[in-house]
Amino acid sequence: MQLHTVSQLLSQEITLPEVEVKGWVRTFRANRFIALNDGSTLNNIQCVVDFENTDDAILKRINTGAALHIKGELVESQGKGQKVEIIVSSIEILGDSDAETFPIQPKKHSFEFLRENAHLRTRTNTFSAVMRLRSALSFAIHKYFNENGFYYMHAPIITGSDAEGAGEMFRVSNLDAKNPPLNEEGEVDFSKDFFGKETNLTVSGQLEAEAYAMSLSKVYTFGPTFRAENSNTSRHLAEFWMIEPEVAFMDLAGNMDLAEDFMKSVITYVLENNREDLEFLDKRLQDEEKTKPQAQRSDMTLIEKLKFVTENNFKRVSYTEAIDILRNSKPNKKKKFKYIINEWGADLQSEHERFLVEKHFKCPVILFDYPANIKAFYMRLNEDGKTVRAMDILFPGIGEIVGGSQREERLEVLKEKMKALDIDEKELWWYLDLRKYGTAVHSGFGLGFERLVMFATGMGNIRDVIPFPRTPQNADF
Ligand code: 4AD
Ligand code: MG
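If you're wondering where the values come from, they're calculated on a predicted model, not measured in any experiment. (Residues numbered from 1 in each chain as written. Chains lettered and ligands numbered in written order. Predicted model: local features only at pLDDT ≥ 70, side-chain atom pairs only at ≥ 80, totals over all residues. Heavy atoms only, no water.)

**Q** Which parts of the structure should I look at to understand the UniProt feature "coiled-coil region" (unreviewed entry) in the chain?
**A** UniProt's entry tags residues 271–298 with the feature "coiled-coil region" (unreviewed entry), counted in the numbering of this structure. When the span residues 271–298 is considered, its composition is 68% helix and 0% strand, and the gap between its end C-alpha atoms is 20 Å. (UniProt positions renumbered as here; feature names shortened; annotations may be inferred. Helix = DSSP H or I, 4+ residues; strand = E, 2+ residues; numbered from the N terminus.)

**Q** When you look at the pattern of salt bridges in this model, what are you seeing that I'm missing?
**A** Where side chains of opposite charge bring their charged atoms close, a pairing between them can arise. Enumeration according to the criterion identifies 28 salt bridges in this entry. The residue E408 makes a salt bridge to R410 at a minimum N-O spacing of 2.7 Å. Judged by its relative accessible area of 2%, E408 falls in the buried class. Owing to a relative accessible area of 27%, R410 belongs among the partly exposed residues under this scheme. A salt bridge links K436 to D433; the nearest nitrogen and oxygen atoms lie 3.7 Å apart. Of the two residues, K436 and D433 both sit in helix 13 (residues 429–436), three residues apart, roughly one turn of that helix. The exposure class of K436 is partly exposed, given its relative accessible area of 45%. For D433, a relative accessible area of 22% gives the class partly exposed. (Salt bridge = Lys/Arg side-chain N within 4 Å of Asp/Glu carboxyl O. Buried < 20%, exposed > 50% of the residue type's maximum accessible area, 1.4 Å probe, protein only.)

**Q** Can you help me understand the packing of helix 4 (residues 125–147) against helix 14 (residues 449–457) in this one?
**A** Two numbers describe how helix 4 lies on helix 14: the axes approach to 10 Å, and their chain directions differ by 120 degrees. Classed by the angle they form, the pair helix 4 and helix 14 counts as oblique. In this structure, helix 4 meets helix 14 at a crossing whose hand is right-handed. On helix 14, the residues that touch V130, L133, R134, L137, S138 and I141 of helix 4 are F449, E450, L452, V453, A456 and T457. Looking at the contact of helix 4 with helix 14, its residues break down into eight nonpolar, two polar and two charged. (Axes fitted to C-alpha atoms, helices over the stretch in contact; angles between N-to-C directions. Parallel < 35°, antiparallel > 145°, perpendicular 65-115°, else oblique. Left-handed = near helix turned anticlockwise from the far one by under 90°. Contact = heavy atoms within 4.5 Å. Nonpolar A, V, L, I, M, F, W, Y, C, P; charged D, E, K, R; others polar.)

**Q** Explanation requested: the sheet that holds strand 10 (residues 199–201) in the structure shown.
**A** Where strands meet in a sheet, backbone hydrogen bonds hold them as pairs that are either parallel or antiparallel. Strand order across the open sheet formed by three strands is 8-10-9, with antiparallel pairing between neighbours. Pairing within the sheet leaves two strands with one partner each, and these edge strands are strand 8 (158–159) and strand 9 (171–172). Bridge count for strand 8 against strand 10 is two bridges, and the pairing is antiparallel. Paired with T159 across the two strands is N200, which belongs to strand 10. (Pairing = 2+ DSSP bridges.)

**Q** Help me out: how do you make sense of the site of ligand 1 in this one?
**A** The environment of ligand 1 is formed by 24 residues, the closest being Q206, R227, E244, E400 and I401. Q206 places a polar side-chain atom, nitrogen or oxygen, 2.7 Å from a nitrogen atom of ligand 1. Contact distances for ligand 1 include 3.3 Å between an oxygen atom and a backbone N or O atom of G448. Relative to its free-state accessible area of 630 Å², ligand 1 is covered by the protein chains to the extent of 93%. Looking at the shell around ligand 1 element by element, the count peaks at five residues for strand 16 (residues 399–406). Considered class by class, the residues forming the shell around ligand 1 number eight nonpolar, eight polar and eight charged. (Near = heavy atom within 4 Å. Polar contact = N/O pair within 3.5 Å; in protein donor to acceptor, adjacent residues only side chain to side chain. Areas by Shrake-Rupley, 256 points an atom, 1.4 Å probe, with all protein chains shown as cover.)

Structure (structure tokens):
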């Protein structure tokens, strides 16, 4: 006998006299029909039990959630709803599940409830589909870069510099928090800490990736990043995964081309390889949309939205053009925005980004050439002396999904910028070295992986697309 996955069994064209499968009970009805799932597919295999010839003690233990080992014959199904089923010859209970206390009952649970049971939520169709898609997207990302001549580079998780300035950082320390060593000024003496200095969890692998781009030419990172910003929104996590390609000899236009081609490629991959899960999530989203007032409903289904991205060009718009559009927009004139756009130089809030993408352009937008003083120090200064070669990609329903730029490769310009922002040259000596020895035009971007998974699955809350979310006041599991 051969152990099969449920997915393998369901795609069999022929009957098989002897099959073996292991999985968890979704439902058991009429003392006869077990719906068994092992996570290999959204669908369950129906296992038909000959209850008259099965020990009563065993039948009583076939509860929702129990782990079973089933042997039997795979036959064409007599009933409706499935092509094949297993006529069970033996059942072994691998792990019992108390029907009274198992939290995942065969009924609709709220996402809030399932978040509290995140260790069991992948026993549901929605979360198993989301997490299979997350896995597929992650594979598609590695595949894309691998096929396009990039090296996968592992940036450090613990860093000694807050170069990005992307937000608050999490300190890494093994000093005794209750009784830390103090220096003569009475401050905590970090020279006594594990690394002999202050260290934090990384907010981005970009600066290290730049070093590698300046030797291996095309690299990317794909790893966890951490931000201690206290933003309790449906789009922010304290721990999230970021993909950061960095390419030597590539300018901002090349960066936009790369980002667009990359995003289209990974979305095409799941459209071609994860159809069953996408169709399920599409239907889920349509049901959810029906509960909203007409005006708020999306005019596209999930699969239509994904195809729309793969089939249409992203709209490229300069910051200056975007500000003009926003200034003259209805919500700005009628003071419907929380932050009214009055003049050039204003930082864009998510309400503005969403207006541009969802109401004005109605397609993915790449905004570029932002004012220097609202962007990070490493972005390349334009000839106008006031804008930098930055780009953000905005997606419908998500807002900012990618942030990137052409990097400042001129040593003197970079030094001046750091001075103006009070960034210590000593701390970034190695970063400046890259501009001293063989500097070159180079660019890159960061894609927030969970925001991509949100877009591809149609899930509305970022906490529902990462296995065990970390957010302010929450680090359960
Ligand atoms: O725009 P950000 O801050 O850019 C950087 O970190 C650059 N170093 C990237 C680069 O050029 N290599 O972050 C990049 C992306 C955002 O566009 C967003 O998708 C995601 O990371 N992101 C978050 N995702 C979830 N939770 C958060 N708190 C996030 N902060 C940023
Ligand atoms: Mg950003």
